[in-house]
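Listed below, chain by chain, are the residues.
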Amino acid sequence: MSSCHLCSESFSSPDELHAHKQTVHLGSIEFTCTNRTFTVKKQADGCFHCPCPFHTTPAVFHDLETFVAHIEVICAWIEPPALLRSVSSELVDAPVLSQYSFVINFVHHLLLCTTCSVAIVPSQADSHLRNKHDMNLDAKHLSLFHDLVNYFAVSDTFPVMTPPMDAIEGLAVFNGVQCPQCTFASTTSAQLLRHFQDQHPLKNSPTHWPSASVQRLTNGAGSGRSYFAVRVPSDIKHSSNDILSTIVSSCPTFVEDTGLLSEARLLSPWLRQTRWHELLEGHAIEDLRSLAAHPKSNELVTLQPAVYEVFVRASALINATSTLIL
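Predicted, not measured: the structure shown is a model, and the values here were computed from it.

About the thresholds
- Residue numbers run consecutively from 1 along every chain, following the written order of its sequence.
- Local features in this predicted model are restricted to residues whose pLDDT is 70 or higher, and side-chain atom pairs enter the listing and the counts only when it is 80 or higher, whereas totals over whole chains, interfaces and linings include all residues.
- Where side-chain values are given, they derive from all heavy atoms of the structure, hydrogens and water being excluded.
- Only Phe, Tyr and Trp rings are paired, with Trp represented by its six-membered ring, and only when their centres lie within 6.5 Å; those with planes under 30 degrees apart are stacked, over 60 edge-to-face, the remainder tilted.
- In this scheme, a residue with accessible area under 20% of its type's maximum is buried, one over 50% is exposed, and one in between is partly exposed, where area comes from a 1.4 Å probe on protein chains only.
- The numbering of helices and of strands both runs from the N terminus, where a helix is a DSSP run of H or I of at least 4 residues and a strand a run of E of at least 2.
- It is the directions from the helix axis to the C-beta atoms that the arc portrays.
- Here, residues are in contact when the closest pair of their heavy atoms is within 4.5 Å.
- We count a salt bridge whenever a side-chain nitrogen from Lys or Arg sits within 4 Å of a carboxyl oxygen from Asp or Glu.

Enquirer: Sorry, what's going on with the packing of aromatic side chains here?
Expert: Where two aromatic rings form a pair, the distance of their centres and the angle of their planes describe that pair. As enumerated under the stated definition, the model contains five aromatic pairs in all. Relative to Phe102, the ring of Tyr100 lies with its centre 6.5 Å away and its plane at 40 degrees, an arrangement referred to as tilted. Residue classification places Tyr100 among the buried residues on the basis of a relative accessible area of 3%. Taking relative accessible area as the criterion, Phe102 reaches 2% and is therefore assigned buried. Relative to Trp209, the ring of Phe196 has its centre 5.5 Å away and its plane inclined at 65 degrees; by these criteria the two rings are edge-to-face.

Enquirer: Explain helix α4 (residues 125-133) to me, please; I cannot follow it from the model alone.
Expert: Think of an α-helix as turning once every 3.6 residues; residues three or four places apart then point the same way. All buried positions along α4 are accounted for by Ala125, His128 and Leu129. End-on view of α4: buried residues confined to an arc of 100 degrees, all on one side of the axis. Here the buried face of α4 lies against β9 (102-105), β10 (110-113), β11 (118-120) and α5 (142-151). Positive backbone phi, approximately 55 degrees, marks Asp134, located one or two places after α4.

Enquirer: Help me understand the pattern of salt bridges in this model?
Expert: When charged atoms on two side chains of opposite charge get close, those side chains can pair. Tallying each qualifying case throughout the model produces five salt bridges. Two residues, Arg289 and Glu286, come together in a salt bridge whose shortest N-O distance is 3.3 Å. Here the residue Arg289 and the residue Glu286 both occupy positions in helix α10 (residues 285-291), the gap between them amounting to three residues, near one helical turn. Under the relative-accessibility criterion, Arg289 is labelled exposed at 55%. You can call Glu286 exposed: its relative accessible area is 54%. Here Arg313 makes a salt bridge to Glu309, at a shortest N to O gap of 2.7 Å. Within this pair, Arg313 and its partner Glu309 are both found in helix α11 (residues 303-316), separated by four residues, close to a single helical turn. For Glu309, a relative accessible area of 15% gives the class buried. Within this structure, Asp93, Glu309 and Arg313 form a network of salt bridges that share partners.

These values are about where atoms sit, not about what they do.
In structure tokens, the structure reads:
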């Protein structure tokens, strides 16, 4: 057994001890991806900037746990046919995809339209663009498009969903109801009642249907149109009233001051209304000025590449955008 002299944690081998020191105490991590070895250290902004080939610009991860989870996914990938960008823990895109508002969910092997929030089988990508967005998949992009689809094993038939399951990132989530006897789900009680009477005729129809968050792969024809119940993370299930209450509770409460104001002649009606002078009172002038200063070289390091990426993607859409929109 090997022990870390910094925290006394024990490890079964020297290699594990070395990895522990590099990761936990030195703030760096080493990994191999697409036959290349990368060493990433925590930057001045306190984040890890991933240099792997699956990003158009280095992706920023704010904590080690999230970064390690990302590495565990990408280390199993081989060299992609195009430069990829990791959008989230489930989604990736590339310039040839994003210019058509496409993204790939590599966990469920789905091609998604981010504008419509639906899945599309690759063979219908061009017709979807033509019918829904008045544009075509450029012939010069077809080869690379199909290479990416094949790389992520996106099938030309929709997979069968087997609830209960976590929500599929990239698809719209709806409020719905679920059958208490099987996995059937719908967005309307009337449709669920018809299902229940048809499929469970020996059961008494309940007076109340269990509520559920539901998704469907597509709003077109076929099996992908069927709804299925999903588990949605609690942080995005709050109602608008809950969100409003949270915002209101986080706002400071000012006690009305009925006393005489000193130097009242210096307070304009606008200052009396906004009470900025009370908010800033007690703070050093230099500290306040620093908040409005130009960012340093190690601050907002991802802003310039992000703006550049916006211009690159916008430029790629010029030839496919109608004159009226331009």
